[in-house]
Amino acid sequence: MQRASLQQELEEARRRTDGLFALVSPEAMYGRPIPDRHRLIFYLGHLEAFDWNQLCRWTLDKPAFHASFDQLFEAGIDPAVGTASSDTPSDWPTIQEVEGYNVRVRQEVDQALEQVPEEMVHVAIEHRLMHVETTAYLLHHLDSSEKQAPLPTPLSLNGQAPSEEMVEIPEGSTSLGRCRGEGFGWDNEFREHDVFVPAFAMNRFKITNGQYLQFVNEGGASPALWKRQGEQWMLETMFQLVPLPLSWPVYVTHQQAQAYADWKGLALPTEAQFHRAGYGTPSGVDQQFPWGTDFVRTTFGNFDFQGWDPKPVTADPEGTSTFGVAQLVGNGWEWTSTPFHPFEGFNPLPTYPGYSARFFDQDHYVVKGGGPQTAGRLLRRSFRNWFRQGYPYAHTSFRCVKV
Ligand SMILES: [Fe+2]
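To keep things clear, this report deals only with the structure shown in the data block. Note that residues are indexed from 1 along each chain, following the sequence as it is written. Since the coordinates come from a predicted model, pLDDT governs what is reported: local features require at least 70, and pairs of side-chain atoms require 80 or more to be given and counted, while whole-chain, interface and lining totals use all residues. With hydrogens and water set aside, each side-chain value is computed from the structure's full complement of heavy atoms.

Considerations on the sheet that holds strand β1 (residues 166–169)
Turning to step 1, where the next piece is worked out: Strand order in this open sheet of three strands is β1-β4-β12, and the pairing throughout is antiparallel. One side of each edge strand has no neighbouring strand; the edge strands of this open sheet are β1 and β12 (401–402).
Turning to step 2, where the next piece is worked out: By definition, residues are in contact when any of their heavy atoms lie within 4.5 Å. To define axes, lines are fitted to C-alpha atoms, for helices over the stretch in contact only, and angles between the resulting N-to-C directions are given on a 0 to 180 degree scale. Each helix is a run of H or I in the DSSP string that is no shorter than four residues. Each strand is a run of E no shorter than two, and both are numbered from the N terminus. Relative to strand β4 (residues 200–203), helix α8 (residues 271–279) is tilted by about 75 degrees, and along the sheet it contacts β1, β4 and β12. Here, a strand pair is defined by DSSP locating no fewer than two bridges between the strands.

Describing the environment of threonine 153
Turning to step 1, where the next piece is worked out: Turning to its location among the elements, threonine 153 is positioned in the loop between α5 (118–140) and β1.
Turning to step 2, where the next piece is worked out: Sequence separation of threonine 153 and leucine 266 is 113 residues, and the distance between their C-alpha atoms is 36 Å.

Concerning empty space enclosed by the protein
Turning to step 1, where the next piece is worked out: Only protein atoms enter the calculation, which uses a 1 Å grid: trapped sets of points that fit a 1.4 Å probe without letting it out are cavities, open sets showing protein on both sides within 12 Å along at least five of seven lines are pockets, and any residue with an atom within 4 Å of a point is a lining residue. Grid points are joined across faces, edges and corners, and a volume is the space filled by probe spheres set on the points. If you walk through the whole model with that rule in mind, you get five cavities of 30 Å³ or more.
Turning to step 2, where the next piece is worked out: Reported here for the second largest cavity is a volume of approximately 90 Å³.
Turning to step 3, where the next piece is worked out: Leu225, Leu235, Trp248, Tyr251 and Pro310 are the residues nearest the centre of the second largest cavity, which is lined by 14 residues in total.
Turning to step 4, where the next piece is worked out: Put simply, Ala, Val, Leu, Ile, Met, Phe, Trp, Tyr, Cys and Pro go in the nonpolar bin, Asp, Glu, Lys and Arg in the charged bin, and everything else, Gly too, in the polar bin. In terms of residue class, the lining of the second largest cavity is built from nine nonpolar, three polar and two charged.

Notes on the coordination of the iron ion
Turning to step 1, where the next piece is worked out: Note on the iron ion: its protein donors are His46 (NE2), His127 (NE2) and His131 (NE2). The metal-donor distances range over 2.2 Å.
Turning to step 2, where the next piece is worked out: For the iron ion, the single-chain donor residues occur in sequence as H-x80-H-x3-H. Of this pair, histidine 46 sits in helix α2 (residues 40–57) while histidine 127 sits in helix α5, and the two are 81 residues apart along the sequence.
Turning to step 3, where the next piece is worked out: Residue class for histidine 46 comes out buried when judged on its relative accessible area of 2%.
Turning to step 4, where the next piece is worked out: Per-residue accessibility, obtained with a 1.4 Å probe over protein chains only, is compared with the maximum for each type, and a residue is labelled buried under 20%, exposed over 50%, and partly exposed between these values. We classify histidine 127 as buried; its relative accessible area is 4%. Distances up to 2.8 Å from the metal define which N, O and S atoms are donors, and 3.2 Å serves for Na, K and Ca; water is absent from the atom set, so sites may look incomplete.

Side note on the packing of aromatic side chains
Turning to step 1, where the next piece is worked out: Aromatic rings from Phe, Tyr and Trp, taking only the six-membered ring of Trp, are treated as a pair when their centres fall within 6.5 Å; an angle between ring planes under 30 degrees marks them as stacked, one over 60 as edge-to-face, and anything in between as tilted. In the structure shown here, the tally under the stated rule is 38 aromatic pairs.
Turning to step 2, where the next piece is worked out: Here the aromatic rings of tyrosine 212 and tryptophan 226 are separated by 5.9 Å at their centres, their planes lie at 85 degrees, and the arrangement is edge-to-face. Highlighted residues: tyrosine 212 in helix α6 (residues 209–217) and tryptophan 226 in strand β5 (residues 226–229), separated in sequence by 14 residues. Comparing tyrosine 212 with tryptophan 226, the two get one shared label, buried.
Turning to step 3, where the next piece is worked out: Judged by centre distance (5.0 Å) and plane angle (5 degrees), the ring pair of phenylalanine 289 and tryptophan 291 falls under stacked. Across this residue pair, the class does not change: phenylalanine 289 and tryptophan 291 are buried.
Turning to step 4, where the next piece is worked out: These aromatic residues form a ring-pair network of at least three members: Phe50, Phe184, Trp186, Phe340, Phe346, Tyr352, Tyr355, Phe359, Phe360 and Trp386.

A closer look at α2
Turning to step 1, where the next piece is worked out: Taking 1.5 Å as the rise per residue, α2 with 18 residues should run 26 Å; its terminal C-alpha atoms sit 24 Å apart, in good agreement.
Turning to step 2, where the next piece is worked out: Its axis deflected by about 30 degrees at histidine 46, α2 carries its strongest bend there.
Turning to step 3, where the next piece is worked out: Burial analysis of α2 places 17 of its 18 residues in the buried class, the great majority of the element. Here, expected helix span is obtained from the residue count minus one, scaled by 1.5 Å. Bend, at a single residue, is the angle you get between axes fitted to the 7 residues ending at that residue and the 7 residues starting at it.

Description of unusual backbone geometry
Turning to step 1, where the next piece is worked out: The step from phenylalanine 190 to arginine 191 runs through a cis peptide bond, and the omega angle for that step is 0 degrees.
Turning to step 2, where the next piece is worked out: Relative to the helices and strands, arginine 191 is located in the loop between β2 (172–176) and β3 (193–197).
Turning to step 3, where the next piece is worked out: A positive phi angle, close to 60 degrees, is found at aspartate 304, a residue other than glycine.
Turning to step 4, where the next piece is worked out: Relative to the helices and strands, aspartate 304 is located in the loop between α8 and β8 (333–339).
Turning to step 5, where the next piece is worked out: Of note in the backbone geometry, asparagine 331 takes a positive phi value of approximately 70 degrees without being a glycine.
Turning to step 6, where the next piece is worked out: The topology assignment puts asparagine 331 in the loop between α8 and β8.
Turning to step 7, where the next piece is worked out: For asparagine 331, a relative accessible area of 0% gives the class buried.

Remarks on the layout of surface pockets
Turning to step 1, where the next piece is worked out: Here the largest pocket defines a volume of roughly 520 Å³.
Turning to step 2, where the next piece is worked out: In terms of lining, the largest pocket is formed by 24 residues, of which the most central are Glu9, Glu126, Phe295, Gly376 and Arg377.
Turning to step 3, where the next piece is worked out: Elements represented by at least two residues in the lining of the largest pocket include exactly α1 (3–21) and α5.
Turning to step 4, where the next piece is worked out: Here the residues of the lining of the largest pocket sort into ten nonpolar, four polar and ten charged.
Turning to step 5, where the next piece is worked out: Reported here for the second largest pocket is a volume of approximately 240 Å³.
Turning to step 6, where the next piece is worked out: Lining the second largest pocket are 15 residues, and of these Asp18, Phe21, Leu44, Glu99 and Asn102 lie nearest its centre.

Let's talk about the nonpolar core
Buried together is how nonpolar side chains tend to be arranged in soluble globular proteins.
Turning to step 1, where the next piece is worked out: In this text, buried Ala, Val, Leu, Ile, Met, Phe, Trp, Tyr and Cys residues form a nonpolar core when linked through side-chain atoms within 4.5 Å. Core analysis: the biggest nonpolar cluster contains 91 residues, and Tyr212, Trp226 and Phe398 have the highest contact counts within it.
Turning to step 2, where the next piece is worked out: A total of twelve residues in this core trace back to one element, the largest contributor, which is α5.
Turning to step 3, where the next piece is worked out: The residues touching phenylalanine 398, leaving out its near neighbours within four places in the chain, are Lys206, Ile207, Tyr212, Val250, Val252, Ala257, Tyr260, Leu268, Glu334 and Trp335.
Turning to step 4, where the next piece is worked out: Formed by 22 residues, the second largest nonpolar core is a distinct cluster that contains Ile169, Ala272, Phe274 and Val325.

Re the pattern of salt bridges
Turning to step 1, where the next piece is worked out: Salt bridge, as used here, is a side-chain nitrogen of Lys or Arg placed within 4 Å of a carboxyl oxygen of Asp or Glu. The full count for this structure, using the stated rule, is 23 salt bridges.
Turning to step 2, where the next piece is worked out: A salt bridge links lysine 264 to glutamate 164, with the nearest nitrogen and oxygen atoms 3.5 Å apart. Taken together, the positions of lysine 264 in helix α7 (residues 254–264) and glutamate 164 in the loop between α5 and β1 put the pair 100 residues apart, joining distant regions of the chain.
Turning to step 3, where the next piece is worked out: On the basis of relative accessibility, which here comes to 33%, the residue lysine 264 falls in the partly exposed class.
Turning to step 4, where the next piece is worked out: You can call glutamate 164 partly exposed: its relative accessible area is 27%.

Quick word on the packing of α1 against helix α4 (residues 95–112)
Geometry of a packed helix pair, given as the angle between the helix axes and the separation of the axes.
Turning to step 1, where the next piece is worked out: Where α1 contacts α4, the two axes come as close as 12 Å, and the packing angle between them is 165 degrees. It follows from the interaxial angle that α1 and α4 lie roughly antiparallel. The chirality of how α1 crosses α4 is right-handed. Residue-level contacts link Gln7, Leu10, Arg14 and Asp18 of α1 to Arg106, Val109 and Asp110 of α4.
Turning to step 2, where the next piece is worked out: Of the residues contributing to the contact of α1 with α4, the split by class is two nonpolar, one polar and four charged. Any angle that is under 35 degrees is reported as roughly parallel, and any over 145 degrees as roughly antiparallel; angles of 65 to 115 degrees are reported as roughly perpendicular and all others as oblique. For any helix crossing, the convention is left-handed if the near helix is rotated counterclockwise from the far helix by under a right angle, and right-handed if that rotation is clockwise.

Read these as spatial facts, not as claims about activity.
Spelled out as structure tokens, the structure:
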């Protein structure tokens with residue numbers, strides 16, 4: 001890939017993160033909309049500190065110009081529940097101080113970009129794009145008085161909720177992971193390998209709010225974004241409270257998805273079943289995307305910043321997979337029953353050894369697909385995301401399988 005186009009991608013990703021922080025009131029930058037995560041001010045400094053540390057300090061051995069900020073903003077992902085630090089707003093620098101640091105970092109990074117190995121530029125771009133999505137979760141949980149809605153994007157509230165139909169997926173092999181020659185991938189995507197998947201059946205559509213409501217009415221736990229208003233359930237969308245859209249995918253934790261599957265006498269799909277249903281073909285050769293080989297086009301699904309919120313589960317039928325499963329990519333990540341573990345041949349990135357390895361336990365599960373705020377370049381087949389099984393803040397949907 002040309003350096004100039006990578007530079008452009010980095011700038012575009014910066015515009016995304018700048019645009020998100022611009023929605024937040026200055027006072028709210030010192031708040032913590034999700035108790036288990038850092039104050040927002042941390043993320044304002046983190047994106048630049050990451051690029052500076054990774055590309056300039058650790059790869060090119062450049063001397064620090066603000067060592068305390070390099071360290072303060074270095075890392076902070078998903079601490080275990082209840083272990084968030086006990087800092088106070090006054091422990092943090094002013095927004096102006098952080099913005100001054102950011103300006104200098106961008107100058108330094110841009111000047112150094114030609115000398116940095118291409119892989120590290122991809123690391124910077126994708127790290128930032130992943131933070132676009134996690135920042136969107138954070139802002140989702142910010143009180144509406146503390147954020148400013150951008151130009152309104154209309155919500156598709158009136159779709160029909162489909163029935164809970166299952167699609168038969170024939171047995172066959174599917175390919176997981178990424179081949180070394182295919183281009184950039186994170187450590188956890190390697191190595192590519194084939195897995196044989198026995199026949200199974202899968203929900204054609206994601207489980208909707210309407211279907212999940214029946215489970216809640218029988219005692220199931222309600223999702224974090226559902227709010228009770230008198231007798232009615234409402235949904236906290238990114239910028240407003242609306243009556244629960246029954247045709248939208250429900251966003252739940254892994255524990256809630258598993259409980260629903262148990263209630264139905266079904267299971268959550270494994271990562272390999274997701275791949276087989278999403279990318280498999282009768283010929284046995286996997287496609288790059290459920291809809292074929294074209295790169296992302298907006299009519300294929302709800303992703304790549306088209307909107308802030310979900311659409312009905314029947315939207316974007318052009319994105320349906322060869323075996324007839326809808327919306328496997330876009331409109332919400334999908335939980336799998338596969339704990340997040342390394343593939344054979346896993347090698348951590350030397351400058352970022354903890355990216356995946358810190359999360360290889362029995363508490364984090366693989367999620368696949370992508371949501372409304374997932375960047376197009378993260379929709380590649382081999383990309384793996386993961387969350388703690390009780391994590392209630394992400395845009396994670398699900399569907400069930402029957403073996
Ligand atoms: Fe980060």
